[in-house]
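Single-letter residue listing:
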Amino acid sequence: MSPKTVEIDATPEWAAAGEHAARLRDTHLRDLFAADADRADRLTVEAAGLIADYSKHRVDDDALAALFALARAADVEGHRDAMLRGEKINTTENRAVLHTALRAPRDAEIIVDGENVVPQVHEVLDRMASFSDRVRSGEWVGSTGQRIRTVVNIGIGGSDLGPRMAYEALKPYADPEIACRFVSNVDGDDLSANLTGLDAEQTLFIVASKTFTTLETMTNARAARDWLVGQLGDKADVAKHFVAVSTNLKAVEEFGIDPVNTFGFWDWVGGRYSFDSAIGLSLMVAIGPNGFRELLAGMRAIDEHFASAPLEQNLPVILGVLGVWYREFFDAQSHAVLPYAHYLSRFTDYLQQLDMESNGKRVRRDGTPVAYRTGPIVWGTPGTNGQHAYYQLIHQGTTLIPVDFLAFLHPAHEVGNQHDLLTANVLAQAEALAFGKTAEQVAAEGVAAELVPHRTFPGNHPSTTLVVEKLTPRTLGALVALYEHKVFVQGAIWQINSFDQWGVELGKALAQRIVPELEADAEPELNHDSSTNALIRRHRAARRG
């Protein structure tokens, strides 16, 4: 039986957490560190090759104990165990939530509707591996006998953000003879830009759509098919240049793809949790089956840690309760994730969907409105570029923004002393945010009195520093699973369903209504609001000259 919804904000544990927040609101991190010489050692935890220093947070032992008590009051452990057992915790869609099954070992047993799903997972992974090896070796060739040099993934949402992020992150491990491109936006300029310079004879398209009806994906897929046929001259060529990730074999075949070259997945895999399924086929082609298995191993290591570690030593739980702490009791509206690694250029983009689509909810699991804040805005960019953009606001602005810094001990490429300089920057930023610079310190440097306020840094800005040995398939998998489970913990505390996404549906449905109104030859009767009606007429007038 899945855990019941409770009025978490009416519990003594919620009240206690609020009291500790009030007690610590004006306590500075300088004082917390001064009072506890062992603070950094005690507030550091390691799991699956990830080291998290969370000592630069505005908490003490009593506050942390209150937060773990709040997690227990919300039955985070029971909710976690229900998920891992395959119970249908996605209650609005009556589905299990089993992205963890995608990286389960072959001998595991996870039952959904009376059937062990693990053999199905490995059957698909084995087929993906066989296909990837054929493409990588040159055994799979296009319709004219040339080997594949470019793979174009056509998807949207989780069918794009995950594999795209991971491909960019793992480029040092990718086959240099095969490039991957990603098309998601229904804006034709996206597809056009990605087709530019391609040789159709050497191009393979992967169309990723579970139902094979997703508007954006299928619009782009049909346009790509038209381009290919226009280049090669025969519809029969489609079968050697297109494969599908879908469960709709009939639609796949009607499109021109051989159903044999279709890779399936399951309704218990949410799109934003799916790139370690067949959705990651483009990634497996790029980094190879062994690299993909390393990615899965890193995910599994965090899964096992999340399932077994006590809450007080459980890395996803720690990050999760700290996020709730600032969102609820310090009114932090956003959360910055700042990876100091060039190849993680798409990591925060990926986390935006993972977090905001999961926890951007206004009702609890039982349908009653929440009376508290839920998911934060997630944002950030990699490396030192952000330091010359928005760090000013974090340091001296009026908004509290908790930060996750991601630091790596070894770079993908050693270039002079640049990695030491990069590391110095990430460590310095965390230090500066926490401790700042007092007016007295500024004045002691001889700064003119009228400039002292401008050059004072208040500090007391919280951050976690995640330290990773090196960005590899395994550590990337661990990082992704860490954030997956962190998001789960927060959703469980907030008593919301983190696994549906009805908020993306209304706009899509309205768009389907507007499309024929934009394209109609005769002036359509419009029944929208006056603003939308006027904009439709403006578009029609512009398109018709």
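What counts as what
- Residues numbered from 1 in each chain as written.
- Predicted model: local features only at pLDDT ≥ 70, side-chain atom pairs only at ≥ 80, totals over all residues.
- Heavy atoms only, no water.
- Helix = DSSP H or I, 4+ residues; strand = E, 2+ residues; numbered from the N terminus.
- Expected span 1.5 Å × (residues − 1).
- Buried < 20%, exposed > 50% of the residue type's maximum accessible area, 1.4 Å probe, protein only.
- Arc of directions from axis to C-beta.
- Contact = heavy atoms within 4.5 Å.
- Pairing = 2+ DSSP bridges.
- Axes fitted to C-alpha atoms, helices over the stretch in contact; angles between N-to-C directions.
- UniProt positions renumbered as here; feature names shortened; annotations may be inferred.
- Parallel < 35°, antiparallel > 145°, perpendicular 65-115°, else oblique.
- Left-handed = near helix turned anticlockwise from the far one by under 90°.
- Nonpolar A, V, L, I, M, F, W, Y, C, P; charged D, E, K, R; others polar.
- Salt bridge = Lys/Arg side-chain N within 4 Å of Asp/Glu carboxyl O.

Visitor: Would you mind showing me how to read helix α1 (residues 12-24) here?
Guide: With 13 residues, α1 should reach 18 Å at 1.5 Å per residue; the first-to-last C-alpha distance of 18 Å fits that figure. For α1, the set of buried residues is W14, A17, H20, A21 and L24. When α1 is viewed along its axis, its buried side chains cluster within an angular range of 125° and face the same direction. Facing away from the buried surface of α1 by more than 90 degrees, the exposed residues are P12 and E19. Contacts made by the buried residues of α1 are with α4 (61-73) and α13 (315-329).

Visitor: Hey, could you run me through the sheet that holds strand β13 (residues 463-470) in this one?
Guide: Backbone hydrogen bonds hold the strands of a sheet together, and the pairing may be parallel or antiparallel. On the basis of which strands lie adjacent, the open sheet formed by six strands has the order β1-β2-β13-β12-β10-β11 and mixed pairing. Each having just a single partner strand, β1 (44-47) and β11 (377-379) make up the two edges of the open sheet. If you compare each strand with its neighbour and ignore which way they point, the axes differ by 20° on average. Two strands pair when backbone bridges link them, and strand β12 (residues 403-410) and β13 are joined in this way by seven bridges, in the parallel orientation. Note on β13: the bridge partner recorded for H410 is K470. Docked against the sheet, α13 engages β1, β2 (50-53) and β13, running at close to 135° with respect to β1. In the packing of helix α16 (residues 418-435) onto the sheet, contacts are made with β12 and β13, and the angle to β12 comes to roughly 150°.

Visitor: Please clarify how unusual backbone geometry should be interpreted in this entry.
Guide: Most of the time, phi is negative for any residue but glycine, and the peptide bond is trans. A positive phi angle, close to 60°, is found at D75, a residue other than glycine. Counting through the fold element by element, D75 comes out in the loop between α4 and α5 (76-85). Taking relative accessible area as the criterion, D75 reaches 33% and is therefore assigned partly exposed. For N460, which is not glycine, the phi torsion reads 65° and is therefore positive. Looking at the secondary structure, you find N460 in the loop between α17 (439-444) and β13. Its relative accessible area of 10% is what places N460 among the buried residues.

Visitor: Just checking my understanding: could you explain the UniProt feature "active site" (unreviewed entry) in the chain for this structure?
Guide: On the UniProt side, "active site" (unreviewed entry) is annotated at positions that read E357, H388 and K508 here. Taken along the chain, the residues just named run across 152 residues; in space they spread out, the farthest C-alpha pair reaching 37.0 Å. Within the secondary structure layout, E357 lies in helix α14 (residues 347-359). Excluding anything up to four places from it in sequence, E357 contacts R272, Q352, D500, Q501 and V504.

Visitor: Explain the packing of helix α6 (residues 118-137) against helix α12 (residues 281-308) to me, please; I cannot follow it from the model alone.
Guide: To characterise two packed helices, one gives the angle between the axes of the helices and the distance between these axes. Interaxial distance between α6 and α12 falls to 8 Å at its minimum, and their mutual angle equals 130°. In terms of their interaxial angle, α6 and α12 are classed as oblique. Here the hand of the crossing between α6 and α12 comes out left-handed. Residue-level contacts link L125, M128, A129, F131, S132, D133, V135 and R136 of α6 to L281, M284, V285, A286, I287, G288, P289, F292, R293 and L296 of α12. A per-class count over the contact of α6 with α12 returns 13 nonpolar, two polar and three charged.

Visitor: I'm lost on the pairing of strand β5 (residues 150-154) in this one. Help?
Guide: Across a regular strand the side chains alternate sides, sitting on one face of the sheet and then on the other. Within β5, five of the five residues are buried, leaving the element largely enclosed by the surrounding structure. Across the two faces of β5 the burial is the same, with T150, V152 and I154 and V151 and N153 all buried. Bridge analysis of β5 against strand β6 (residues 179-183) gives five bridges, and the strand direction is parallel. Considered in β6, the bridge of N153 is made with F182.

Visitor: Mind showing me how you'd approach the pattern of salt bridges here?
Guide: Two side chains of opposite charge can pair, provided their charged atoms sit close to one another. Inspection of the entire model under this criterion finds 26 salt bridges. The partner of R42 in a salt bridge is D36, and the shortest N-O contact between them spans 2.1 Å. E87 is paired through a salt bridge with R85; the nearest N and O atoms lie 2.7 Å apart. The exposure class of E87 is buried, given its relative accessible area of 18%.

Visitor: Mind showing me how you'd approach the pairing of β1 here?
Guide: Where burial is concerned, the two faces of β1 differ: the one with V45 and A47 is buried and the one with T44 and E46 is not. Between β1 and the antiparallel strand that follows it, β2, lie two residues; A48 among them carries a positive phi value of about 50°.

Visitor: Can you help me understand helix α7 (residues 158-169) in this one?
Guide: Note that an α-helix has 3.6 residues per turn; residues three or four places apart therefore point the same way. Over its twelve residues, α7 extends 16 Å from the first C-alpha to the last, a length consistent with the 16 Å expected when each residue adds 1.5 Å. Among the twelve residues of α7, ten are classified as buried, and the element is accordingly described as predominantly covered. Buried residues belonging to α7 abut β5, β6, β7 (203-208), α12, α14 and α18 (473-494).

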